[in-house]
Amino acid sequence: MSFQAPKGVQEYVPPRSSLFAQAREAFTESARRACYAPVETAVFEDTSLFVRGVGESSDVVSKEMYTFDTRGGENVTLRPEFTAGVVRAVLQYNLHKGHLPVKVCTSGPAFRYERPQAGRYRQFYQFDLEAIGTEDPTVDAETIAVAYDAYRSLGLTQFTLLLNSLGDQNCRPVYRAALQDFLRKLDLDEDTRARIEINPLRVLDDKRPEVREQTASAPCIVDYLCGDCKAHHDTVRALLSSLDIPFEDAPRLVRGLDYYMRTTYEFDHALLGAQSGIGGGGRYDGLSEDIGGPPLPGIGFAVGLDRIVLAIESERGADAAQAVAGCQVFGVALGEDAHTDVLTLVTALRRAGVRADMAFGRRGLKGAMKAADRSGARFAVLIGAEEKRNATVAIKDLKDGDQQDVAASSAVEWLVNTLAGNGEAE
Ligand code: HAM
């Protein structure tokens, strides 16, 4: 019997792993440009951090956590999301006593015991970004812009930004009561009736048609926002418009975690089917206090890197990984003493920004050319006794089979220019 990764654990191996790395890099770079500093935080935390931070009534906490006792008797949980841990770290290291807002980002695996399916895993990967310590709606728009620009830099276009406000501790209770009144009159199953009492907003998120139909005319939070929340929401909407970031008002958008208030948003991809959420976030102005800290309003988002890989593949097609990281030039040594020349040339190409590889070991010409083909490279560069004598290299275009000799001294320049001319350079 051979071992397999546990059920629902998402792993990345070549060639897809290049797309994964590209997705993470796009978000890291977008965040770096907006001056978010990288942080690395605990992969597991005291269970009560998530119970108090993410909220007992959320599915994530009540049904999906990987919780266990350690040998030392502590009860810990693998992070189901990053926000609670990041806020915990901000408080622990007193970052909130310095310049505000604290702007940080991170990425890595998160764990939820969900039913695995396409785009939904038990170990999945998030990029997470948080701006902690200001109520300014400008930072709400900034976080959205960082995410939006990262999706666009990956070439994605088939996604929609859904925007809502969930109100605050003043107006949400009034809305909650009105919604409960409405929901209690409907014909719903026992579980859903119980949910009305614990977390009525989640009932609006129920995907079953028989529930959808009944909740279609439910009261909307936007009609209940207090003056401050409405002004905040209007400012965020106006800011997004000035940044040319298209969005849809989504008055029924309810997020799955309990800490949200005011601004909430999700990015939805059109080609991904049931698991179409490629990112989501919002304000969590009460979270710091929930976990024992001072009042510290915050906002952030997390994107599902796994789903972004799926989105890239659905928009760019099957060759997506090869185009990102595939080898461009493959060196072949004809005979033992050409290895030094090939490695020297390949190294020079790499230093010039070209992705280059070479045949290793004692393969014959046939085996080496097979490896060149398999590498996906556009050009093979061959060096043997004759080329060495003439101070040339033979360059074979692997697309059309043409071969020509080029002076060894200008081979790097020739390849760089030709790849650039073909639009294949970095
Ligand atoms: P979330 O909506 O639970 O928010 O997760 C964010 C993203 O992670 C989702 O949009 C989705 O792309 C991805 N994701 C979630 N669960 C899975 C899964 N089982 N398999 C694959 N991908 C998944 C949060 O986690 C919040 N902490 C975001 C946030 C940060 N809010 C404020 N700051």
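(A) Here's a closer look at the overall build of the protein chain. When its secondary structure is counted, the protein chain shows 17 helices and 16 strands. Principal axes of the C-alpha set define a box for the protein chain whose edges measure 90 × 55 × 50 Å. Within the protein chain, the fraction of its 426 residues that count as buried is 50%. Averaging the coordinates of the 48 positive side-chain charges in the protein chain and doing the same for the 61 negative ones gives two points 4 Å apart.

(B) Representation of the site of the ligand. For the ligand, the set of nearby residues contains 27 residues, the closest of which are Glu81, Glu114, Tyr121, Tyr260 and Gly277. Here an oxygen atom of the ligand sits 2.9 Å away from a polar atom, N or O, in the side chain of Arg112. Gly277 is positioned with one of its backbone polar atoms (N or O) 2.7 Å from an oxygen atom of the ligand. Within the complex, the protein chains bury 95% of what would otherwise be the 650 Å² of accessible surface of the ligand. Element by element, the count of residues in the shell around the ligand is highest for strand S10 (residues 277-283), at six residues. Class assignment for the residues of the shell around the ligand results in nine nonpolar, 10 polar and eight charged.

(C) Representation of the environment of Val203. Here Val203 shows up in helix H8 (residues 200-203). You can call Val203 buried: its relative accessible area is 1%. Distance from Val203 to Leu179, taken between C-alpha atoms, is 9.7 Å for residues 24 residues apart in sequence.

(D) Fine view of the sheet that holds S10. The sheet built from eight strands is open, its strands ordered S1-S5-S6-S11-S10-S9-S7-S8 with mixed pairing. Every interior strand has two partners, whereas the edge strands, strand S1 (37-38) and strand S8 (248-249), have only one. In this sheet, strand S6 (residues 123-132) lies alongside strand S5 (residues 102-111) in antiparallel orientation, the contact comprising 10 bridges. Paired with Cys105 across the strands is Leu129, a residue of S6. Against the sheet, helix H12 (residues 305-316) touches S6, strand S9 (261-269), S10 and strand S11 (298-304), its axis set at about 55° to S11.

(E) View of helix H4 (residues 83-92). Among the 10 residues of H4, nine are classified as buried, and the element is accordingly described as predominantly covered. By the burial criterion, the buried members of H4 are Thr83, Ala84, Gly85, Val86, Val87, Arg88, Ala89, Val90 and Leu91. Looking at the buried positions of H4, the neighbouring elements they touch are strand S2 (44-46), helix H2 (47-53), S5, S6 and helix H11 (287-290). Of the residues one or two after H4, Asn94 is the one with positive phi, at around 60°.

(F) Seen up close, the domain arrangement of the protein chain. Looking at the protein chain, the domain boundaries give domain 1 (17-171 + 225-316) and domain 2 (327-421). Of note, the centres of domain 1 and domain 2, computed from C-alpha atoms alone, are 46 Å apart.

(G) Spatial organisation of the side chain of Asp168. Note on placement: Asp168 falls in the loop between strand S7 (159-165) and helix H6 (172-184). Under the relative-accessibility criterion, Asp168 is labelled buried at 6%. Among the polar contacts made by the side chain of Asp168, one reaches the main-chain amide nitrogen of Asn170 at a distance of 2.9 Å. Residues contacting Asp168, with those up to four places away along its chain left out, are Pro173, Cys226, Cys229, Met261 and Arg262.

(H) Highlighting the pairing of S6. For S6, the buried fraction is high: 10 of the 10 residues fall into the buried class. Going residue by residue along S6, you find Gln123, Tyr125, Phe127, Leu129 and Ala131 tucked away on one face and Phe124, Gln126, Asp128, Glu130 and Ile132 tucked away on the opposite face as well. Pairing between S6 and S11: seven bridges, direction antiparallel. In the strand pairing of S11, Glu130 is matched with Gly300.

(I) Representation of the sheet that holds strand S3 (residues 67-69). Spatial strand order, S2-S4-S3: three strands in an open sheet with antiparallel pairing. Of all strands in the sheet, those with a lone pairing partner are S2 and S3, marking the two edges. Between one strand axis and the next, the sheet turns by 35° as a mean value, whatever way the strands run. Relative to strand S4 (residues 75-78), S3 runs antiparallel, the two sharing three bridges. When the sheet's bridge partners are listed, Phe68 is paired in S4 with Val76.

Procedures and definitions
- Residues numbered from 1 in each chain as written.
- Predicted model: local features only at pLDDT ≥ 70, side-chain atom pairs only at ≥ 80, totals over all residues.
- Heavy atoms only, no water.
- Helix = DSSP H or I, 4+ residues; strand = E, 2+ residues; numbered from the N terminus.
- Buried < 20%, exposed > 50% of the residue type's maximum accessible area, 1.4 Å probe, protein only.
- Lys, Arg positive; Asp, Glu negative; His and termini not counted.
- Charge placed at Lys NZ, Arg CZ, Asp CG, Glu CD.
- Near = heavy atom within 4 Å.
- Polar contact = N/O pair within 3.5 Å; in protein donor to acceptor, adjacent residues only side chain to side chain.
- Areas by Shrake-Rupley, 256 points an atom, 1.4 Å probe, with all protein chains shown as cover.
- Nonpolar A, V, L, I, M, F, W, Y, C, P; charged D, E, K, R; others polar.
- Pairing = 2+ DSSP bridges.
- Contact = heavy atoms within 4.5 Å.
- Axes fitted to C-alpha atoms, helices over the stretch in contact; angles between N-to-C directions.
- Domains from an automatic or database assignment.

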